[in-house]
Number of protein chains: 2
Amino acid sequence: MRVLGIDPGLVHTGWGVIDSSGASTSRAVAYGVIDTRSSDPLSTRLDAIYSGIVSVIERYRPDAAALESVYFGLNAKTALSLGQARAAAILATARRGLTLGEYPPATIKNVVVGQGRAEKEQVAYMVRMLLGLDHEPHPDHASDALAAAITHLTMTRVVA
Amino acid sequence: MRVLGIDPGLVHTGWGVIDSSGASTSRAVAYGVIDTRSSDPLSTRLDAIYSGIVSVIERYRPDAAALESVYFGLNAKTALSLGQARAAAILATARRGLTLGEYPPATIKNVVVGQGRAEKEQVAYMVRMLLGLDHEPHPDHASDALAAAITHLTMTRVVA
């Protein structure tokens, strides 16, 4: 099974594709980040996120997609911006027929690190270990996207 | 010139298409609302808004689109939900090549009613008068979408 993890943001949208390869291991296929320019109109930036995710889907043909659900405690301005970026990414997966898993931040940290209040650096370190990478994936957005994908593979295995 | 006005919302997205017909009058071509079910997954609901706006564009072939910009003072939950709906509508217009005008609520009220703090009912009444409709457009979301379209036509005329 191949999973696309996404960490959406209006400025930086991280993505990462992983394969399950055996009962308990996974490997990274590719990861990266889609950047948009704050000087561009909103419609251009949303289209860049949408088109970027569509390109990743067409290139790597994942079976499913996953992202972090929104924790509250955001301010309204951040929530609006995140909502717009999330919708562009979600629409790209929906219109390419992928199922989408959404996981709360604490669930992702629990699955990847083993505790729900782990720091960002611990998540990045464990993403590297679990995927057998020779360095931690940069930027953070790609690492967070890979963490969402690992969570989806793990949860799917547990349920299946 | 033909303008599509949109009033995006995750539950109800109003839309309205108007034509300029002469130096100072406009007429309504069609208007309506796209509803989504709160029991459906977010990806299904965003796709319904996106696909609904694409259908309206393909059917009525507007030259431009317009919507209200976001006023702050929303709470984070509302802002997230509105952001997601807005992105689906904006992406539909962007991917069909329409230019998009965004106008603050006070500008729309000023153009349509003549004062920036008008009530919703005054906007609906003036939309009816300006477009020569025999009743006020329902639901409110369609009326607000038509008001955004009227604003775009008016502002374009002033600038041109």
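None of these values were measured; they are calculated from a predicted model.

Caption draft 1: Representation of the relation of the copies chain A and chain B in the model. Once turned by 180° and shifted 0.0 Å along the axis, chain A lies on chain B with an RMSD of 0.0 Å. Such a combination of turn and shift is consistent with a two-fold rotation axis. Interface residue correspondence from chain A to chain B reaches 100%, placing this contact among same-surface, isologous pairings.

Caption draft 2: Quick look at the interface of chain A and chain B. Taken together, the contacts link 24 residues of chain A with 24 residues of chain B. Counting the surface lost from both chain A and chain B, the interface buries some 2,000 Å², and carbon and sulfur atoms represent 78% of this. Along the contact surface separating chain A from chain B lie two salt bridges. The salt bridge involving B:Arg95 is made with A:Asp47; its shortest N-O contact spans 2.6 Å. Listed by contribution, the elements that provide at least two residues to the side of chain A that touches chain B are helix H1 (42-60) and helix H2 (76-95) of chain A. When residues in the side of chain A that touches chain B are grouped by element, the largest group, 13 residues, is from H2(A). Looking at the side of chain A that touches chain B residue by residue, the classes come out as 14 nonpolar, five polar and five charged.

Caption draft 3: Geometry of the pairing of strand E4 (residues 64-68) of chain B. All names here are of chain B. Among the five residues in E4, four count as buried, and that is most of the element. As paired elements, strand E1 (residues 2-7) and E4 share four bridges and run parallel to each other. Residue Leu4 lies in a different strand from E4, and its bridge partner there is Ala65. Relative to strand E5 (residues 99-103), E4 runs parallel, the two sharing five bridges. Residue pairing across strands places Ala65 opposite Leu100, the latter belonging to E5. Traced from E4 through helix H2 (residues 76-95) to E5, the parallel crossover comes out right-handed.

Caption draft 4: Expanded view of the packing of H2(A) against helix H1 (residues 42-60) of chain B. Contact geometry of H2(A) with H1(B) gives a least axis separation of 9 Å together with a crossing angle of 90°. Taken together, the axes of H2(A) and H1(B) are roughly perpendicular relative to one another. For the pair formed by H2(A) and H1(B), the contact residues are A:Arg86, A:Ala87, A:Ile90, A:Leu91, A:Ala94 and A:Arg95 on the first element and B:Leu42, B:Ser43, B:Leu46, B:Asp47, B:Tyr50 and B:Ser51 on the second. Tallied by class, the residues present in the contact of H2(A) with H1(B) amount to seven nonpolar, two polar and three charged.

Caption draft 5: Quick look at helix H4 (residues 120-131) of chain B. All names here are of chain B. Relative to the 16 Å expected for twelve residues at 1.5 Å per residue, H4 spans 17 Å between its end C-alpha atoms, a close match to the ideal helical length. For H4, the full list of buried residues reads Val123, Ala124, Val127 and Leu131. For H4, the buried positions fall inside an angular range of 100° around the axis, keeping them on one side. One or two residues past the end of H4 sits Gly132, with phi positive at roughly 65°.

Rules used in this analysis
- Counting from 1, residues in each chain are numbered in the order their sequence is written.
- Each chain is given a letter, starting from A, and each ligand a number, starting from 1, according to the order in which they appear as written.
- Reporting in this predicted model follows two pLDDT cut-offs: at least 70 for local features of residues, and 80 or more for side-chain atom pairs to be given and counted; totals over whole chains, interfaces and linings ignore these cut-offs and use all residues.
- Hydrogens are left out, water is left out, and the side-chain values use all remaining heavy atoms of the structure.
- We superpose the copies by least squares over the C-alpha atoms of residues that have a pLDDT of at least 70 in both of them.
- It only takes one pair of heavy atoms within 4.5 Å for two residues to be counted as in contact.
- Buried area, as used here, totals the accessible surface that two parts lose on assembly, with accessibility defined by a 1.4 Å probe and the loss added over both.
- Any carboxyl oxygen of Asp or Glu within 4 Å of a side-chain nitrogen of Lys or Arg constitutes a salt bridge here.
- Each helix is a run of DSSP H or I of at least 4 residues and each strand a run of E of at least 2, with the numbering of both proceeding from the N terminus.
- Any residue that is not Ala, Val, Leu, Ile, Met, Phe, Trp, Tyr, Cys, Pro, Asp, Glu, Lys or Arg is counted as polar, Gly included; the first ten are nonpolar and the last four charged.
- Residue burial is assigned from relative accessible area. The probe radius is 1.4 Å, only protein chains are included, and a residue is buried under 20% of its type maximum, exposed over 50%, and partly exposed in between.
- Following DSSP output, two strands are said to pair if at least two bridges run between them.
- A right-handed crossover is one whose linking path, passing over the helix from the first strand to the second, runs clockwise when the strands point away from the viewer.
- In this analysis, axes come from line fits to C-alpha atoms, helices being fitted only over the stretch in contact, and the angle between any two N-to-C directions falls in the range 0 to 180 degrees.
- To sort the angles, those under 35 degrees are grouped as roughly parallel, those over 145 as roughly antiparallel, those from 65 to 115 as roughly perpendicular, and the leftovers as oblique.
- Expected helix span is taken as 1.5 Å per residue step, with the number of steps being one fewer than the number of residues.
- Working note: the arc is built from the helix axis to C-beta atom directions.

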